[in-house]
Amino acid sequence: MSFHGLPCWFELMARDLDAAQAFYTDVLGWAWGADARAGFDYRLARSGEALVAGLMPVAICPEGTPISWMPYFAVDDCDATTELAEMIGGFVWKSPADIPGTGRFAVLADPAGAVFGILAPLPMDLPPASGAWNPARAGHGAALDLCHPLPETALRFYNRLFGWSAAPGPQETLTLLARDGRGIGRITGLGVAPLPNWHCGFAVPDLAASAARAEALGATVIRLPAHDPRAATAVIVRDPQGAWFDLSAPKP
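Rules and cut-offs
- Residues numbered from 1 in each chain as written.
- Predicted model: local features only at pLDDT ≥ 70, side-chain atom pairs only at ≥ 80, totals over all residues.
- Heavy atoms only, no water.
- Helix = DSSP H or I, 4+ residues; strand = E, 2+ residues; numbered from the N terminus.
- Rg over C-alpha atoms; globule rule 2.2 N^0.38 Å.
- Contact = heavy atoms within 4.5 Å.
- Areas by Shrake-Rupley, 256 points an atom, 1.4 Å probe, with all protein chains shown as cover.
- Lys, Arg positive; Asp, Glu negative; His and termini not counted.
- Charge placed at Lys NZ, Arg CZ, Asp CG, Glu CD.
- Axes fitted to C-alpha atoms, helices over the stretch in contact; angles between N-to-C directions.
- Parallel < 35°, antiparallel > 145°, perpendicular 65-115°, else oblique.
- Left-handed = near helix turned anticlockwise from the far one by under 90°.
- Nonpolar A, V, L, I, M, F, W, Y, C, P; charged D, E, K, R; others polar.
- Salt bridge = Lys/Arg side-chain N within 4 Å of Asp/Glu carboxyl O.
- Buried < 20%, exposed > 50% of the residue type's maximum accessible area, 1.4 Å probe, protein only.
- Pairing = 2+ DSSP bridges.
- Phe/Tyr/Trp six-rings, centres within 6.5 Å; stacked < 30°, edge-to-face > 60°.
- Disulfide = S-S within 2.5 Å.

**What to know about the overall build of the chain**
Along the chain, the regular secondary structure elements total four helices and 16 strands. For 252 residues, the compact-globule formula gives about 18 Å, and the C-alpha radius of gyration of the chain, at 17 Å, lands near that figure. Seen along its three principal axes, the alpha-carbon backbone of the chain occupies a region of about 45 × 45 × 35 Å. Once local pairs closer than 6 in sequence are excluded, the contacts in the chain between residues at least 24 apart make up 60%. Surface accessibility of the chain: about 11,600 Å² in total, with carbon and sulfur atoms responsible for 58%. A distance of 3 Å separates the average location of the 17 positive side-chain charges in the chain from that of its 25 negative side-chain charges.

**Digging into the side chain of Thr81**
Considering the arrangement of structural elements, one finds Thr81 in helix α2 (residues 78-87). Those residues within four positions of Thr81 in sequence are excluded, and the remaining contacts are His4, Val75, Ile118, Leu161 and Phe162.

**Let's talk about the environment of Ile67**
Mapped onto the elements of the fold, Ile67 is located in the loop between β4 (50-57) and β5 (68-74). Separated by 60 residues in sequence, Ile67 and Pro7 have C-alpha atoms that sit 20 Å apart. If we skip the residues at most four places from it in the chain, Ile67 touches Met13, Ala14, Arg15, Val58, Gln241, Gly242 and Ala243.

**Comments concerning the packing of helix α1 (residues 17-28) against helix α4 (residues 207-216)**
Relative orientation of the contacting elements α1 and α4 amounts to 155°, with a least axis distance of 9 Å. Of the possible angle classes, the one that applies to α1 and α4 is roughly antiparallel. Both α1 and α4 take part in a crossing whose hand is right-handed. Only Ser210, Arg213 and Ala214 of α4 make contact with α1, whose side of the interface consists of Phe23, Asp26 and Val27. Of the residues that constitute the contact of α1 with α4, the class distribution is three nonpolar, one polar and two charged.

**Some details on the pattern of salt bridges**
Under the definition given, this model contains six salt bridges. For Asp18, the salt bridge identified is with Arg43, shortest N-O distance 2.8 Å. Of this pair, Asp18 sits in helix α1 while Arg43 sits in strand β3 (residues 43-47); the two residues are 25 residues apart in sequence, bridging distant segments of the chain. The exposure class of Asp18 is exposed, given its relative accessible area of 53%. With a shortest N-O distance of 3.0 Å, Arg43 and Asp41 are connected by a salt bridge. For Arg43, a relative accessible area of 14% corresponds to the buried category. Residue classification places Asp41 among the partly exposed residues on the basis of a relative accessible area of 35%. Here the residues in one salt-bridge network are Asp18, Asp41 and Arg43, joined through shared partners.

**Section: the sheet that holds strand β1 (residues 7-14)**
Taken together, the eight strands give an open sheet; going across it, the order is β2-β3-β4-β1-β5-β8-β7-β6, and neighbouring strands pair in mixed fashion. One side of each edge strand has no neighbouring strand; the edge strands of this open sheet are β2 (31-34) and β6 (91-99). The average undirected angle you get between the axes of adjacent strands in this sheet is 25°. Taken together, the five bridges between β3 and β4 define a ladder with antiparallel strand orientation. Bridge assignment links Ser47 to a residue of β4, and that residue is Ala50.

**A look at the packing of aromatic side chains**
Applying the stated rule across the entire model yields 25 aromatic pairs. Aromatic pair Trp30 and Trp32: ring centres 5.9 Å apart, planes at 70°, arrangement edge-to-face. Overall, the relative accessible area of 2% leaves Trp30 in the buried class. Seen in terms of ring centroids, Trp30 and Trp69 are 6.1 Å apart; in terms of plane orientation they differ by 75°. Their pairing is edge-to-face.

**Topic: the state of the cysteines**
One pass over the full model with this rule turns up zero disulfides. Free cysteine: Cys147, not disulfide-bonded; nearest cysteine sulfur from Cys200 at 10 Å. Residue Cys147 is classed as buried on the basis of its relative accessible area of 12%.

So this is what it looks like as structure tokens:
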């Protein structure tokens, strides 16, 4: 079975790694360990037995990289997917490279500039459904929004790259994304975002309590307006260092 096009990892670029680790431990209940294979300070977050996210210094990223979350999507062939992305108008931020014991990855951007990673995992790795992306489990990736000014253009790019399909959302400004019938996320339009970007979200067992903890730790929490279909089940958070993400109730 191919997991091509499914979310498989989440990565945070932060200025103060110790502070970020403490914040997400308290808000999402993650436990942490170091990844000695990286050659720099790269930290791995775990929810229960599952590895769910990575944390790295923004200082070693390309100049201009914001403090932010970035999703990764599983691919069958990292090099071929990278070549295809360039051919259909995307950009390469980091060329394909091996991660010992994990697989082969690259960092790309779509034609509008929204950045994302791809990973061709080694056969021994667990499929994405068993790892970082699991909307039904607290502490795991649960929501992805693509803030993009031209949803139809974005859909054509990601359909070619990952085989995603789309359906009308509950609002005219939303497009729901799926891969082989499995929900992945939404294209929301650019809205108030200054630049096209991917917006990551994580499930929590008690939305109100987690949002309150985030605020107490210095984050900004935005409650969604009543007309948003996720108003009762999600909030938008800007962590103390400036990275945006969602908190959401686990999906049944």
